[in-house]
Amino acid sequence: MTVTASALDWLLGSDEPGIVFQAKRDLLGEPDPPEAAHVLEGPKVRALLAGQRPDGGFGVNVYAKWGGAHWRLVSLVELGVPPGEPRCVAAVETVLVWLTGEGHRSRIQTIDGLVRRCGSQEGNALAVCCRLGLAGDPRVRLLAESLVEWQWPDGGWNCDKNATGYRSSFNESLPPMWGLHEYWVATAETAAKDAAERTAELFLDHRLFRTLATGEPMKPSFVALHQPPFWHYDFFRALVVLARMGHAGDPRAADGLELLEERRLADGRWRAGGRWWKAPGSKGSNVEVVDWGSGPSELLTLDALRVLRAAAG
């Protein structure tokens, strides 16, 4: 048995139906896996929805790291929750009230002709809304149109008030690329597609993680695997979104694909090389509501196999 087959068998044995159904659909080509009907029964999905209040939130600020609705929803859609799921839609409402409200938007600044905005917030929210079937909501359209309007000349976004405008933030640019791509898939809106493609060019020109001047990695975190990534950039999350956009086979992605193969464990699986979260029950900030573990990661392995499959054509 090959290492890939071994990793696939491991995914098919997951206790998370969302992992199983996506593996069957995307890696085995099954059009209608029965596990799709049972995604909400998965232990991580249940944990991510636990403690929801009548207002749709979770008793903390919508953006609280990492227990706020904003972050839970990103993980929920990646675990395959179905469009229209009522609890997720209720949680999305709290996110949209925040991001499209006057209190939030009135603080957005334009300096030297460039909008200084943490586009990861709108980007992640836009992707979540589209995955949940809400692309037709006028507030979701506002998120998409705003991201297009705020895009910097190099194809990214940045909230740094002191940035010169020469280079945007990779951290703040990956989620908008994902969100705008999802919006285009849902609506066929070409302005969203064009903006996402400009961001793809930014990442591909850097071969996902290299400086233009020396070719060295821009940051150590850019060449590590993370699950969940939250708002942070790394080469692998860029590969995941680029694969969804049809760019996994671009020659400029080859360095990232090679690095992904190097990160593969002997048994064919992948594990995170760094983490941005603390386990549930920990003290301080950045405490997760689920334990993603320190061993091989199902979501990392699933996404890695999907990326390699897309790259192979």
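Structure shown above.
Residues numbered from 1 in each chain as written. Predicted model: local features only at pLDDT ≥ 70, side-chain atom pairs only at ≥ 80, totals over all residues. Heavy atoms only, no water.

Engineer: Explanation requested: the packing of aromatic side chains in the structure shown.
Structural biologist: Working definition: an aromatic ring pair is given by the centre-to-centre distance plus the angle between the planes. On inspection of all chains with the given rule, the structure shows eleven aromatic pairs. Between the aromatic rings of tryptophan 66 and phenylalanine 230, the centroid separation amounts to 3.6 Å while the plane-to-plane angle is 10 degrees, which identifies the pairing as stacked. With tryptophan 66 in the loop between helix 3 (43-49) and helix 4 (69-78) and phenylalanine 230 in the loop between helix 10 (190-205) and helix 11 (235-244), this residue pair connects regions lying 164 residues apart in the sequence. Judged by centre distance (4.9 Å) and plane angle (70 degrees), the ring pair of phenylalanine 170 and phenylalanine 203 falls under edge-to-face. Of this pair, phenylalanine 170 sits in helix 9 (residues 170-187) while phenylalanine 203 is found in helix 10, placing the two residues 33 residues apart along the sequence. (Phe/Tyr/Trp six-rings, centres within 6.5 Å; stacked < 30°, edge-to-face > 60°. Helix = DSSP H or I, 4+ residues; strand = E, 2+ residues; numbered from the N terminus.)

Engineer: Could you clarify how one ought to interpret the environment of glycine 274 in this entry?
Structural biologist: Summarising the element assignment, glycine 274 is placed in the loop between helix 12 (254-262) and helix 13 (298-312). Judged by relative accessible area, glycine 274 falls into the partly exposed class, the value being 23%. (Buried < 20%, exposed > 50% of the residue type's maximum accessible area, 1.4 Å probe, protein only.)

Engineer: Explanation requested: the side chain of glutamate 298 in the structure shown.
Structural biologist: Looking at the element boundaries, glutamate 298 is found in helix 13. Within polar-contact distance, the side chain of glutamate 298 engages the side chain of serine 14 at 3.0 Å. (Polar contact = N/O pair within 3.5 Å; in protein donor to acceptor, adjacent residues only side chain to side chain.)

Engineer: What exactly am I supposed to notice about helix 5 (residues 86-100) here?
Structural biologist: An α-helix turns once per 3.6 residues; consequently, residues spaced three or four apart project the same way. The end-to-end C-alpha distance of helix 5, which contains 15 residues, comes to 21 Å, matching closely the 21 Å that a straight helix rising 1.5 Å per residue would cover. The set of residues buried in helix 5 consists of Cys88, Ala91, Val92, Thr94, Val95, Leu96, Trp98, Leu99 and Thr100. Turning to helix 5, the residues buried within the fold contact helix 3, helix 4, helix 6 (102-105), helix 7 (119-131) and helix 8 (138-150). Where helix 5 begins, the capping side chain belongs to glutamate 85, and its oxygen is found 2.9 Å from the backbone nitrogen of arginine 87. (Expected span 1.5 Å × (residues − 1). Contact = heavy atoms within 4.5 Å.)

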